[in-house]
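These are the residues of each chain, in order.
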Amino acid sequence: MGPLLRCSVRAVSRELPTGRQVAPSILAADFSRLGEQVASVMEAGARIIHVDVMDGHFVPPITMGPLAVESLRDQVHEAGGWLDVHLMIERPERQVDAFAEAGADSISVHFESTPHVHYAVKQIREAGCLAGCAITPSTPPDALAAIAPDLDTALCMTVNPGWGGQPFIPETLPKVERLRELVADEVAIEVDGGVDEETAPRCAGAGARLFVAGSAVMGAGDPAEAYRRLAAAVGAA
């Protein structure tokens, strides 16, 4: 195989928060109180807010689009936070620019969602965002080997994408370990799905650094307290 193509990118002006981080997902939030709930978890220490975007094609549900990111942009950025956008959509390269313009700081696309995943990653970085690639539970981690040098984050789904509240799939833990071997040390391994106080430490032990939590945090009666407990469980910064 010939040398990997490298992308010419525009410098990203902000840096991903360091150390282990719990990223509350607004997918599980009460949208009638979205701003209030985001404020509460950020006051509790959250620095990354995760936005799950679904299109009704790549996964059955339809969730939100760039307007949701734009509505949170000022609130999150003024509080010193980071907007992490996870595109569970077909042909994400058609939508990357819209999410970057809306205020995304990092964008992950699914390996399975486009035949042009290298192009999509390149496009994310050219838009000034950190670039990630996600894999579903059925995709082997070695699928990311060819684009590993171009990634800032690697997201391992620990449930099947598309529905909140699913139980954690323990067979994904070896995949997290393999991703940690595949990518550079500075690349953040992210886990998403069924992440709670019991499963998050196991993911941390396998090499994960970013822990997306929907039902366990934003779906809790007291999201701020739920965030604090989960952050303590993984030793989050």
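Rules used throughout
- Residues numbered from 1 in each chain as written.
- Predicted model: local features only at pLDDT ≥ 70, side-chain atom pairs only at ≥ 80, totals over all residues.
- Heavy atoms only, no water.
- Salt bridge = Lys/Arg side-chain N within 4 Å of Asp/Glu carboxyl O.
- Helix = DSSP H or I, 4+ residues; strand = E, 2+ residues; numbered from the N terminus.
- Buried < 20%, exposed > 50% of the residue type's maximum accessible area, 1.4 Å probe, protein only.
- Pairing = 2+ DSSP bridges.
- Axes fitted to C-alpha atoms, helices over the stretch in contact; angles between N-to-C directions.
- Contact = heavy atoms within 4.5 Å.

A.B. asks: Even after reading the chapter, I still don't get the pattern of salt bridges, so can you show me in this structure?
C.D. replies: Close approach of charged atoms allows side chains of opposite charge to pair. The full count for this structure, using the stated rule, is 13 salt bridges. Of the charged contacts, one joins D30 and R33 as a salt bridge, the two residues approaching to 3.3 Å between their closest N and O atoms. Among the salt bridges present, the one from R229 reaches E197, with a minimum N-O distance of 3.1 Å. Of this pair, R229 sits in helix 8 (residues 223-234) while E197 sits in the loop between strand 7 (188-192) and helix 6 (199-206), and the two are 32 residues apart along the sequence. Look at R229 and you get partly exposed, because its relative accessible area is 38%. Residues joined in a network through salt bridges with shared partners are E197, E225, R228 and R229.

A.B. asks: Sorry if this is basic, but what is going on with the pairing of strand 1 (residues 21-24) here?
C.D. replies: Looking along a regular strand, one sees side chains alternate from face to face of the sheet. Every second residue of strand 1 is oriented toward a common face, with Q21 and A23 on one face and V22 and P24 on the other, all of them buried. Both strand 1 and strand 8 (residues 210-213) contribute to a ladder of four bridges, which runs parallel. When the sheet's bridge partners are listed, P24 is paired in strand 8 with A213.

A.B. asks: Please explain the sheet that holds strand 2 (residues 48-54) as it appears in this structure.
C.D. replies: Each strand in a sheet pairs with its neighbour through backbone hydrogen bonds, running either in the same direction (parallel) or in the opposite one (antiparallel). Spatial strand order, 1-8-7-6-5-4-3-2: eight strands in an open sheet with parallel pairing. Unpaired on one side and paired on the other, strand 1 and strand 2 mark the two borders of the sheet. Taking each pair of neighbouring strands and ignoring which way they run, the sheet shows an average axis angle of 25°. Docked against the sheet, helix 2 (residues 66-78) engages strand 2 and strand 3 (82-88), running at close to 155° with respect to strand 3. Contacting strand 1 and strand 8, helix 8 crosses the sheet at an angle of about 150° to strand 1.

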